[in-house]
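So you can see what is in the structure, the chains are spelled out below.
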Amino acid sequence: GREKTVPKKYPGVENGMLLVEGSKDTVVLGTNKNDAKVDETPEMKVLLDYDYWMDIQKVTCKDFMSVMKESTLAKVLVCKPDSLPIVNVTFFDAVLYANRKSKNEQRATVYEYSGMEFDKIGRCVNLKGFSFHLDRDGFRLPTEAEWVKAASMK
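Quick caveat: nothing in here was measured; it's all calculated off a predicted structure.

Provide a residue-level description of a nonpolar patch on the surface, including the pertinent values.
On the surface, a nonpolar cluster with roughly 280 Å² of combined accessible area is contributed by Y113, M116 and F118. On the secondary structure map, F118 appears in strand 7 (residues 115–118).

Give me the pairing of strand 7: which residues, what numbers.
Regular strands show a simple pattern: their side chains alternate between the two faces of the sheet. Judged from the four bridges that link them, strand 7 and strand 8 (residues 124–128) form a sheet pairing that is antiparallel. Within strand 8, the residue paired with E117 across the bridge is N126. The hairpin turn running from strand 7 into strand 8, its antiparallel successor, is five residues long, and G122 in that turn takes a positive phi close to 105°.

Pulling in residues and values, what's your account of the sheet that holds strand 5 (residues 52–55)?
Taken in spatial order, the three strands make up an open sheet running 1-2-5, and their pairing is antiparallel. Unpaired on one side and paired on the other, strand 1 (13–14) and strand 5 mark the two borders of the sheet. In terms of strand pairing, strand 1 meets strand 2 (residues 17–20) through two bridges, oriented antiparallel. Bridged to V13 within strand 2 is L18. Of the strands in this sheet, strand 2 and strand 5 are in contact with helix 4 (residues 144–151), which crosses strand 5 at around 75°.

Run through the packing of aromatic side chains, naming residues and quoting values.
How two aromatic rings sit relative to each other is given by the distance of their centres and the angle of their planes. For the structure on display, the rule yields seven aromatic pairs. Taking the centre distance of 5.9 Å and the plane angle of 85° together, the rings of F92 and F130 count as edge-to-face. On the criterion of sequence distance, the pair formed by F92 in helix 3 (residues 91–104) and F130 in the loop between strand 8 and strand 9 (131–132) is long-range, its members being 38 residues apart. Using a relative accessible area of 18% as the deciding quantity, one classes F92 as buried. Judged by centre distance (5.7 Å) and plane angle (20°), the rings of Y111 and F130 are stacked. A residue pair is termed long-range when its members are at least 10 positions apart, and Y111 in strand 6 (residues 111–112) and F130 in the loop between strand 8 and strand 9 qualify at 19 residues. Residue class for F130 comes out partly exposed when judged on its relative accessible area of 28%. These aromatic residues form a ring-pair network of at least three members: F91, F92, Y111, F130 and F132. Taking the ring centre of F139 as reference, the NZ or CZ of K101 above it sits at 4.7 Å.

Analysis parameters
- Residues numbered from 1 in each chain as written.
- Predicted model: local features only at pLDDT ≥ 70, side-chain atom pairs only at ≥ 80, totals over all residues.
- Heavy atoms only, no water.
- Patch = residues over 30% accessible without salt bridge, like charges linked within 9 Å, V, L, I, M, F, W, Y side chains within 5 Å.
- Areas by Shrake-Rupley, 256 points an atom, 1.4 Å probe, with all protein chains shown as cover.
- Salt bridge = Lys/Arg side-chain N within 4 Å of Asp/Glu carboxyl O.
- Helix = DSSP H or I, 4+ residues; strand = E, 2+ residues; numbered from the N terminus.
- Pairing = 2+ DSSP bridges.
- Contact = heavy atoms within 4.5 Å.
- Axes fitted to C-alpha atoms, helices over the stretch in contact; angles between N-to-C directions.
- Phe/Tyr/Trp six-rings, centres within 6.5 Å; stacked < 30°, edge-to-face > 60°.
- Buried < 20%, exposed > 50% of the residue type's maximum accessible area, 1.4 Å probe, protein only.
- Lys NZ or Arg CZ within 6 Å of the ring centre and 35° of its normal.

Have a look at this one:
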């Protein structure tokens, strides 16, 4: 018979999430080049003096739809097959997803807001009074510096 290959467990991976150790790393964002676009300047150095967890894969259609099933957007968004990453959502849709996932897992929500605005198909285009609390243990979007650090890992 044929033997099954069992993937090795990667150090720092737990429940589909990777532990990214800040290790007091400094991440460089932006540039000071003269020909750079305005939104790419100035160069900034960001100190990551904390560890954080990050999903090892993008949020799939299935994950998004199961968490956001009560939303207007989930009822009209075409997202097939289930294994594809979710697309055609806004930053604020992602925030609402993170908060709902946090609540579903009995965690504190990271994002707070006082009101929501949606476009004609149900995408969230604004959260009034938007604020976030990085000290809470809920799900959230990574910062740009956190993305850069995670992308640099091999």
